[in-house]
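Structural features, examined
Each chain is listed here by its residues.
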2 protein chains.
Amino acid sequence: MREVAVIGIGQTKVDEHWDLSLRELAGMAVLDALADAHLDGAQALYVGNMLGGSANSQQHLGTYIADWVGLRGAEALHIESACSSGAAAFRSALMAVSSGAVDVAVAVGVEKMTDSPGNEITGELATAADADYEAGMGLSFVALNALLMRRYMHEYGWKHEHFAPFSINAHANAVHNPCARFHEPITEKSYLRAPMVAEPINLMDASPIGDGAAAAVLVPLERLNRNNGRPVIRVAGSAAATDTIAIHSRRDGLWLRAAELSARQAYAQAGVGPQDVDVFELHDAFTIMAALSLEASGFAERGQGPRLALDGEITPEGKVPIATRGGLKARGHPVGATGMYQIVELVQQLRCEAGGTQVPGARVGMAQNIGGSGSNILTTILVRE
Amino acid sequence: MREVAVIGIGQTKVDEHWDLSLRELAGMAVLDALADAHLDGAQALYVGNMLGGSANSQQHLGTYIADWVGLRGAEALHIESACSSGAAAFRSALMAVSSGAVDVAVAVGVEKMTDSPGNEITGELATAADADYEAGMGLSFVALNALLMRRYMHEYGWKHEHFAPFSINAHANAVHNPCARFHEPITEKSYLRAPMVAEPINLMDASPIGDGAAAAVLVPLERLNRNNGRPVIRVAGSAAATDTIAIHSRRDGLWLRAAELSARQAYAQAGVGPQDVDVFELHDAFTIMAALSLEASGFAERGQGPRLALDGEITPEGKVPIATRGGLKARGHPVGATGMYQIVELVQQLRCEAGGTQVPGARVGMAQNIGGSGSNILTTILVRE
C-alpha cells in the first residue's frame, strides 16, 4: 500500500451559479487543482456528486467531466454516497493511487442545486433516506434532523439557544473565505430570531444548498518533488463506515456509530488521537450534527458537544477549531461537493494559506463527511510532514 | 499491489420483478455470492447502479444495501458510469482489495427498470449521453446507436441481415441459462421480421431492459484456501478508459477508442492477447456494439466484426465465443447490473459450470462493459489458475 500525498487543490465559490453548468463548475475546480499541482493531466478522475441525474438530467459524470477538461482516455467514475459523495470520491482516488494502479488521480466533488430543471431539491435529497420507510412517509432531511435534535435536547437538557455558537462560529469564519456562500457574521439575537424550518431546527441551524465544485490531486508520496519548497501534505488516515440507513433501526439514535468507527480507524492509521487534531472540518449540515460528530469522534463526552462550543473552544483559537472556513453552515453545502471542500480547506490550513482564520501551526487536520442521517461517514486525516 | 481472486458469485434471474425491490434484488445476489464464497460477512460493498435515483427514488445504495444484507458498519459506496456501472463497481472492489485497505469486498450490480414510479426509462437512460448536445436534442440511446449502425453499413457495405447471427447466437445460448430473461431461440426470419425501433435497429438488434442483480466476492490471492478443490479464479487484468461523451466529438465514430485502450492495458497486465481469450463476454446492447467491440478489442479487422459472426465463430464452439450465457440481448440488460452479470458468467465458464453453453477448457475469460455510446469502457480479464 503506497503512501499518498495531496499536491494540488482547486475550488469555485459556493453560490447560485445560474450561468455555469455542472461541467463548467467541475472543470474550473479540476483545472485549478491541476494547475496548483503544476500538472497538465491525470490518469484517473473520480467525481463525487449526488443529484446530477435528477436535478441536472446528467449522469455518467466521470466521462462527462473528463471529456470537458481534456483528460481524454483517462479512467473516470462517478461515486455517490449522498452528502458524503465528495469524501467518497477522494477515498476512491486514494485507493487507486495507493494500489499502484494509478499515479496521478484527481478527485472532484460537484453539485448544482439551484436553477435546476427538477427543482424539487428537498424531495431529491430525501432519496438518501429510506425510500420505503422514511422518505415515503414524508420525512425530509430537516425533519429527520429535527427529530434527532429534539430527542437530544430532551435527553441532555440543552436548550435551543445553546446551539447558537456553532452557527455564529461558522458565519464568523466564512467572512474570511472568498469561496464561502455567506460573508455576513451573525449574532445570538439573529440566530434566535431566525424563521423556524422544522422545530427545533430554524434557518440558522440549517446549512444552505448551493452550486459549487472542489478538487484535489493525489500522487504517491514517493514520487513527490520535496525540493520545491512547499509543505508535503500526506494522507495519514482514511476510513469509511456505514450505519443503518433509517434512524428508526438504530439502538441509539443519538450516537453516530459510523463516525466513531471511521474516526477510530483513521486515528489508528495516522497514529494520532483527538488531542492531536489541530483542525476538524466536520459535517455541520445542522447544528445537531456538529454536536453529534464532536462526540462520536472523541472530542467531547456523550451529550456534551454544545459545551465545547459554549466554552469558545471551536473557534480558530480554541482547542478544537471546526468549520474554520465557514463549514457547511456558511461556506455552504452543495451536497456532493462538500466532502471535497473540506479536503481543500484542510490543505489550506496545513499549508498556512487560511488567511484570517488560520489555525496557528496547524499540522494535523481531520475531515468528516456524513451521508444520510449519519448512515455513511468517511473520516480523513491529513498531516503536514 | 496485491493479486486478487474471485471466490464467490451470485445472481438473480433477469426479469420483470414487480414483487422485489432494489434492495431485495441486490440482497439476494450479495447473500448468494457470500454463501458461494463460504463467508458470512465482508468489509466493503461496492454497488453498481445507474437509475436508482430517478427510477426508484432511492440513492445512497451503498448504505441501503449494506444495511439490508446485515453488513453493519461495513464501508459501502455506490458507483456509476451509466451502463458500465457494474464493471466499475467490480473495479472499485478490486482497487480496495489490491491496495491492502480491504480483505473481503463484495461488488454488486443492481437495476430495477420495470414497474418503477418514474417509468420514463428511455429518457432516464439518455442522462448517460450529453444532456446539452445529445439528449437535449431528442437523441435517445437507440437513436445514437442507429446513427452509428447506418454509418457502419454505409462505410463497410454490410446489410442489415448480416447482423442476424449476433442476435441468433445470443438467444440460442440463453436457452441454457436459467437466469436469462428470454429462453426462446430465434431464427433469421424472425430477426428480419422484427418491428423497427430506429432504423436500421429493429427489436432483435436491441437488448431488453429488465430487473436484476449480480454479485461477486473478491479477496487477496494470498489468503486463498487452495486446498478446497475449487479452481482459483484470478483477476489477471483490469483497465478502464473513457472517450468523448458525445459521438459528434469523435474523429472516428466507428472506432471504440476506449475499448482499444482498456483492452490493450488489460492484455498487457494479464500477459495475453486476443488469441488467448477463450470466452469474451462483450457488451451487445445493440448488434452494432458487438461488432465494434470485437474490432476495437483485436478480434476482428476494422469493419469486419460481422464476418466473425457470419462464419459461425462467435458460438460456444467457435474461435471467439461471445454472449455465451445470452449476452445483453437475451440474458437481458438491467443496465447497472450488466457488468456484474458478465463477471458472474465468466466465472461460471472458468469453473466449468456453464452447462449447455460451456466453452470446452475455458481458462482465459474477458468481459467488456460499455457505458454511454462507447464513452466509458472497462475491460476485465479473469484466468483460471
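As shown above, the structure is provided for reference.
First, a word on scope: everything that follows refers to the structure included in this document. (Residues numbered from 1 in each chain as written. Chains lettered and ligands numbered in written order. Predicted model: local features only at pLDDT ≥ 70, side-chain atom pairs only at ≥ 80, totals over all residues.)

The subject of this paragraph is the interface of chain A and chain B. Counting from both sides, the interface comprises 46 residues of chain A and, opposite them, 46 residues of chain B. Counting residues per element, the ones that place at least two in the side of chain A that touches chain B are helix H2 (52–55), helix H3 (61–68), strand E3 (75–80), helix H4 (85–99) and strand E8 (233–242) of chain A. Of the residues in the side of chain A that touches chain B, the class split is 20 nonpolar, 23 polar and three charged. (Contact = placed C-beta atoms within 7 Å. Helix = DSSP H or I, 4+ residues; strand = E, 2+ residues; numbered from the N terminus. Nonpolar A, V, L, I, M, F, W, Y, C, P; charged D, E, K, R; others polar.)

Moving on, we get to the relation of the copies chain A and chain B. Expressed as a screw transformation, the operator carrying chain A onto chain B has a rotation angle of 180 degrees and an axial translation of 0.0 Å, and the superposed copies differ by an RMSD of 0.0 Å. What we have between these two chains is a two-fold relation. In terms of C-alpha distance to the rotation axis, chain A has Ser99 of chain A as its closest residue, with the C-alpha 1.9 Å off the axis. A share of 100% of the interface residues of chain A reappears at the interface of chain B, consistent with the copies meeting face to face through the same patch. (Least-squares fit on C-alpha atoms with pLDDT ≥ 70 in both.)

Attention now moves to the environment of Arg230 of chain A. Here Arg230 of chain A lies in the loop between strand E7 (212–220) and E8. Its 13 C-beta neighbours within 10 Å are what place Arg230 of chain A among the partly exposed residues. (Buried ≥ 20, exposed ≤ 12 C-beta atoms within 10 Å, placed from the backbone.)

Residues and elements named next belong to chain A. The end-to-end C-alpha distance of H4 is 21 Å, a good match for the 21 Å that 15 residues give at a rise of 1.5 Å each. Of all 15 residues that make up H4, 15 are buried, and the element is covered over most of its length. Positive backbone phi, approximately 95 degrees, marks Gly100, located one or two places after H4. (Expected span 1.5 Å × (residues − 1).)

Let us now look at the nonpolar core. Membership of the largest hydrophobic core comes to 303 residues, with the highest contact counts inside it found for Val108 and Ala216 of chain A together with Val108 and Ala216 of chain B. What Val108 of chain B contacts, discounting residues up to four positions off in sequence, is Ala26, Ala29, Val30, Leu45, Val47, Ile65, Ala89, Ala213, Ala215 and Met340 of chain B. (Core = buried A, V, L, I, M, F, W, Y, C linked by C-beta atoms within 7 Å.)

Attention shifts here to unusual backbone geometry. In this model, Glu199 of chain A is joined to Pro200 of chain A through a cis peptide bond whose omega is 5 degrees. Positive phi, normally seen in glycine, also occurs at Ala323 of chain B, with a value near 50 degrees. Structurally, the position occupied by Ala323 of chain B is in the loop between helix H11 (305–310) and helix H12 (327–331).

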